[in-house]
Amino acid sequence: MAGNFYQVSNFLVNQSLGATFTSEAFRIGEFDHAGLQAVITGSSDPINGSFQLQRSVDGLSWDNFQAAEAITADVVFTRQIADIYFGFIRIVYTRTAGSGTLNVKLGTVNHAH
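Here we summarise the structure given alongside this text. (Residues numbered from 1 in each chain as written. Predicted model: local features only at pLDDT ≥ 70, side-chain atom pairs only at ≥ 80, totals over all residues. Heavy atoms only, no water.)

**Things to note about the packing of aromatic side chains**
Under the definition given, this model contains five aromatic pairs. Residues Phe 11 and Phe 26 carry aromatic rings whose centres are separated by 5.3 Å and whose planes lie at 70 degrees to one another, so their mutual orientation is edge-to-face. With a gap of 15 residues between them, Phe 11 in strand β1 (residues 4–16) and Phe 26 in strand β3 (residues 26–27) connect regions that are remote in the sequence. Considered together, Phe 11 and Phe 26 belong to a single accessibility category, that of buried residues. One aromatic cluster is present, formed by Phe 21, Phe 51, Phe 77 and Tyr 93 through successive ring pairs. (Phe/Tyr/Trp six-rings, centres within 6.5 Å; stacked < 30°, edge-to-face > 60°. Helix = DSSP H or I, 4+ residues; strand = E, 2+ residues; numbered from the N terminus. Buried < 20%, exposed > 50% of the residue type's maximum accessible area, 1.4 Å probe, protein only.)

Structure below.
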């Protein structure tokens, strides 16, 4: 009987939101589906910025997908990435004001065929 393989990975750990950044690429191409969970804590001044998910087939050229997420306070948000047809994802954070800490986990699923 075929089964599913589920794995949780730390994508970003204790990432400062005190400046704009682009994360390292995360190889996602060998998975069927993924879920991303971002947790923002310790926001101050108040925090103001936005997150954008980007995707790439080759890890060199990137485009935005899904809507950007505006951040104005401590928050937990999730995103579903279904039917993956690209090799990599990354996060771009654009800071406008404030600071905080970001932790992101990525849950991935492979369906046994």
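Once the structure has been displayed, the description carries forward.
**Focus: the pairing of strand β4 (residues 33–56)**
Sheet analysis places β4 next to strand β6 (residues 75–81), joined by seven bridges and oriented antiparallel. Bridging from a neighbouring strand, Ala 34 pairs with Ile 81 of β6. As paired elements, β4 and strand β5 (residues 63–71) share six bridges and run antiparallel to each other. If you follow Phe 51 over to β5, its bridge partner there is Glu 69. A loop of six residues connects β4 with β5, the two strands running antiparallel in sequence, and Gly 59 in this loop sits at a positive phi of about 80 degrees. (Pairing = 2+ DSSP bridges.)

**Description of the nonpolar core**
Among the nonpolar cores identified, the biggest contains 26 residues, and Ile 28, Phe 51, Ile 89 and Leu 102 are the most heavily contacted of them. Contributing elements (two or more residues each) for this core: β1, β4, β5, β6 and β7 (88–111). Counting residues per element, this core draws most heavily on β4, at seven residues. Setting aside chain neighbours within four positions, we find Phe 51 in contact with Leu 17, Phe 21, Ile 40, Ala 68, Glu 69, Ile 71, Phe 77, Ile 91, Val 92, Tyr 93 and Leu 102. (Core = buried A, V, L, I, M, F, W, Y, C linked by side-chain atoms within 4.5 Å. Contact = heavy atoms within 4.5 Å.)

**Focus on unusual backbone geometry**
Phi angles above zero are rare outside glycine, and Asn 14 is one such case at about 50 degrees. Tracing the chain through its elements places Asn 14 in strand β1. The class of Asn 14 is exposed, set by a relative accessible area of 57%. Of note in this structure, Gln 66 is not a glycine but carries a positive phi near 65 degrees. Residue placement: Gln 66 occurs in strand β5. The exposure class assigned to Gln 66 is partly exposed, which follows from its relative accessible area of 35%.

**Brief notes about the pattern of salt bridges**
For the coordinates displayed, the defined rule picks out two salt bridges. As a salt-bridge pair, Glu 69 and Arg 79 come within 2.9 Å of each other at their nearest N and O atoms. Note that Glu 69 is positioned in strand β5 and Arg 79 in strand β6, a separation of 10 residues in sequence. (Salt bridge = Lys/Arg side-chain N within 4 Å of Asp/Glu carboxyl O.)

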